[in-house]
Amino acid sequence: MPNMSLTKNEMPLQAADIRNKNFLEVSLGYTKEQAIDEAKRCLNCKHKPCIGGCPVQIDIPAFIEEMAEGNFEAAYEVITRSSSLPAVCGRVCPQESQCEQKCVRGIKGEPVAIGRLERFAADYHNANSMEKAVKPTPNGHKAAVIGSGPSGLACAGDLAKKGYAVTVFEALHLAGGVLVYGIPEFRLPKAIVQKEINTLKELGVKIDTNVIVGKTLSIEELKEEYGFEAVFIGSGAGLPRFMNIPGENLKGVYSANEFLTRVNLMKANHADSTTPIQKGKKVTVVGGGNVAMDAARCAKRLGAEVTIIYRRTEKELPARLEEVEHAKEEGIEFLFLTNPLEIKGDTNGWVTALRCQEMTLSTPDESGRAKPIPLDGSEFDKETDCVIMSIGTSPNPLIKSSTKGLETQRWGGIIAEETTGLTSLEGVYAGGDAVTGAATVILAMGAGKTAAAAMDQYIMGKGKL
Ligand SMILES: Cc1cc2nc3c(=O)[nH]c(=O)nc-3n(C[C@H](O)[C@H](O)[C@H](O)COP(=O)(O)OP(=O)(O)OC[C@H]3O[C@@H](n4cnc5c(N)ncnc54)[C@H](O)[C@@H]3O)c2cc1C
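Residues numbered from 1 in each chain as written. Predicted model: local features only at pLDDT ≥ 70, side-chain atom pairs only at ≥ 80, totals over all residues. Heavy atoms only, no water.

A. Examining the overall build of the protein chain more closely. Scanning the protein chain from terminus to terminus reveals 18 helices and 16 strands. Here the C-alpha radius of gyration of the protein chain, 23 Å, is about what a compact globule of 465 residues would show, namely 23 Å. Based on the C-alpha atoms only, the size of the protein chain along its principal axes is roughly 70 × 60 × 55 Å. The 465 residues of the protein chain split such that 52% are buried. Taking contacts inside the protein chain between residues at least 6 apart in sequence as the whole, the part at least 24 apart equals 69%. Element-wise, carbon and sulfur atoms account for 52% of the exposed surface of the protein chain, whose accessible area totals about 21,300 Å². Measuring between centres, the 53 positive side-chain charges of the protein chain sit 1 Å from its 58 negative side-chain charges. (Helix = DSSP H or I, 4+ residues; strand = E, 2+ residues; numbered from the N terminus. Rg over C-alpha atoms; globule rule 2.2 N^0.38 Å. Buried < 20%, exposed > 50% of the residue type's maximum accessible area, 1.4 Å probe, protein only. Contact = heavy atoms within 4.5 Å. Areas by Shrake-Rupley, 256 points an atom, 1.4 Å probe, with all protein chains shown as cover. Lys, Arg positive; Asp, Glu negative; His and termini not counted. Charge placed at Lys NZ, Arg CZ, Asp CG, Glu CD.)

Structure (structure tokens):
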């Protein structure tokens, strides 16, 4: 008998006034009983629209059917046929606009909590299984992957499963891309990312850290000197944008990426860390996306009074609703319809205030989007000692500038075929944020998997076996 409850089983959370002072995970995960009860809400309907909503096409009804029977390992096995990072995706995927949006239970009530169930299956496996992934028989071919974010890891995993000797080249000292340097510990514990990376290593994937392709090595060298038959570029979009307003060079101004990297990757919040961070008393975050929420919530945990300023209204906030709600519960203030004009500083060059202007919204244009328009005479100073800019990122131009013939869009995204990931260079593929600009973990993974399939065909088609 399906469970016909109109609402999802609630996710247990750390209380807001406790969690806003620690970096431990906010969501605590379902119990076995909650997971089975939630799984029973799935109707296993004929057309399975949820699968079409998943960029890597996990057989969602099949894994949920196993969960409803308490077969958690079997559920994990179904998920990992399509996804190599289930504990990550169960936590950070925007399910509300993907699989869960298509769930028929969502028509009259809340959809099945697919993300929470995916997370449970992965956590159950990680806690209970001692089994190691089996290294496939080598096929005698070599492929290189640039960048160890979700696109690179997904590409490397799929190639390794086919027997390729895969080396991932990563600029930073730790693998994981945004999963380790961007998304904070309280949303995605780093031990979980590490566990999923270890599984890839068991499959034979080699990860070379501290290698900047374009500086340490070039793509040409990877192909000509090191004999990699195909190369995947998954270098992300980690170059922060600034507003180009006066005062952005003052001390106490960060890009969200720098601020988050100092905390998440370099552990600047730990007493014994050698990485400094300004623990502002009054921190202002500029922007309204997930990255802005993460930066604000980190600053709050470092002890600051935090305000997010956004030039449109709450309705237009691009961040996930859940993240906005969690931020509000944790005591973060929002100033909507407000735009910064200038960052002011003292004679020693430290930030003291943000000069702002109130905005109003125009009637929506043809694209359906209302434009923020400044209100004359509405300028005011907001006292602050730290400003975190979170207004977007773009791909770093290093790979483009060091690779002859690699075509990019004007804004820096690498041009790649949608169905294969092939770039303008033979044997060179690309995917994830490096191609699309800042997007999502699951879209990056999907692009990595698409490219892995195309790279396999390309290499095998050359008749080298
Ligand atoms: C703070 C933050 C929070 C986010 N929250 C979410 C979320 O909740 N849900 C969600 O779905 N998405 C979220 N995203 C977006 C998501 O993380 C990205 O879309 C995804 O990580 C992109 O994956 P990628 O593999 O393309 O690139 P990345 O994850 O950026 O990885 C690229 C890797 O390539 C390396 N690299 C770059 N250049 C070179 C080079 N020249 N040589 C060698 N290595 C190189 C980088 O060091 C990095 O490790 C968030 C992003 C940020 C910044």
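B. Layout of unusual backbone geometry. The phi torsion at Asn 44 lies on the positive side, around 45°, for a residue other than glycine. Considering the arrangement of structural elements, one finds Asn 44 in the loop between helix H2 (32-39) and helix H3 (49-52). The backbone phi angle of Leu 337 is positive, close to 50°, even though this residue is not glycine. For Leu 337, the position within the fold is in the loop between strand E9 (333-335) and strand E10 (338-345). Residue Leu 337 is classed as partly exposed on the basis of its relative accessible area of 25%.

C. Representation of the site of the ligand. Inspection of the region around the ligand gives 33 residues, with Val 92, Ser 151, Glu 170, Arg 187 and Val 213 positioned closest. Val 213 has a polar backbone atom sitting 2.8 Å from a nitrogen atom of the ligand. A distance of 3.2 Å separates an oxygen atom of the ligand from a polar backbone atom of Ala 439. Here the ligand loses 93% of its free accessible area of 1,000 Å² to cover by the protein chains. Where the shell around the ligand is concerned, the elements lending two or more residues are helix H9 (150-161), helix H14 (290-301) and helix H18 (441-461). When grouped by side-chain class, the residues that make up the shell around the ligand number 18 nonpolar, 11 polar and four charged. (Near = heavy atom within 4 Å. Polar contact = N/O pair within 3.5 Å; in protein donor to acceptor, adjacent residues only side chain to side chain. Nonpolar A, V, L, I, M, F, W, Y, C, P; charged D, E, K, R; others polar.)

D. Quick peek at the layout of surface pockets. Within this model, the second largest pocket holds a volume of roughly 830 Å³. As for the second largest pocket, its lining consists of 30 residues, of which Lys 8, Met 11, Arg 116, Arg 320 and Glu 322 are closest to the centre. Looking at the lining of the second largest pocket, the elements with two or more residues in it are helix H6 (86-92), helix H7 (99-102), helix H8 (114-128) and helix H15 (321-329). Top element by residues in the lining of the second largest pocket is H15. It accounts for six residues. (1 Å grid on protein atoms, 1.4 Å probe; cavity = no way out; pocket = protein on both sides within 12 Å on 5 of 7 lines; lining within 4 Å. Points joined across faces, edges and corners; volume = space filled by probe spheres on them.)

E. Looking closely at the packing of aromatic side chains. For the coordinates displayed, the defined rule picks out eight aromatic pairs. Ring centres of Phe 72 and Tyr 124 lie 4.9 Å apart, and the angle between their planes is 55°; this geometry places the pair in the tilted category. A residue pair is termed long-range when its members are at least 10 positions apart, and Phe 72 in helix H5 (residues 72-80) and Tyr 124 in helix H8 qualify at 52 residues. Given a relative accessible area of 23%, Tyr 124 falls into the partly exposed group. By way of ring pairs, the aromatic residues Phe 72, Phe 120 and Tyr 124 are connected into one cluster. Its end group placed over the ring of Phe 228, Lys 142 keeps NZ or CZ at 4.6 Å from the ring centre. The ring of Phe 186 has Arg 301 lying over it, and the distance from NZ or CZ to the ring centre is 3.8 Å. (Phe/Tyr/Trp six-rings, centres within 6.5 Å; stacked < 30°, edge-to-face > 60°. Lys NZ or Arg CZ within 6 Å of the ring centre and 35° of its normal.)

F. A nonpolar patch on the surface, seen in detail. On the surface, Met 4, Leu 43, Val 104 and Ile 107 cluster together into a nonpolar patch covering about 390 Å² of accessible area. As for its position among the elements, Ile 107 is in the loop between H7 and H8. (Patch = residues over 30% accessible without salt bridge, like charges linked within 9 Å, V, L, I, M, F, W, Y side chains within 5 Å. Salt bridge = Lys/Arg side-chain N within 4 Å of Asp/Glu carboxyl O.)

G. Structural view of the sheet that holds strand E1 (residues 142-146). Taken in spatial order, the five strands line up as E3-E2-E1-E4-E16 in an open sheet, and their pairing is parallel. With one partner strand each, in any of the chains shown, strand E3 (206-208) and strand E16 (428-430) form the two edges of the open sheet. Neighbour-to-neighbour, the strand axes of this sheet turn through a mean angle of 20°, independent of strand direction. Sheet analysis places strand E2 (residues 165-169) next to E3, joined by three bridges and oriented parallel. The partner of Thr 167 across the bridge, within E3, is Lys 206. (Pairing = 2+ DSSP bridges. Axes fitted to C-alpha atoms, helices over the stretch in contact; angles between N-to-C directions.)

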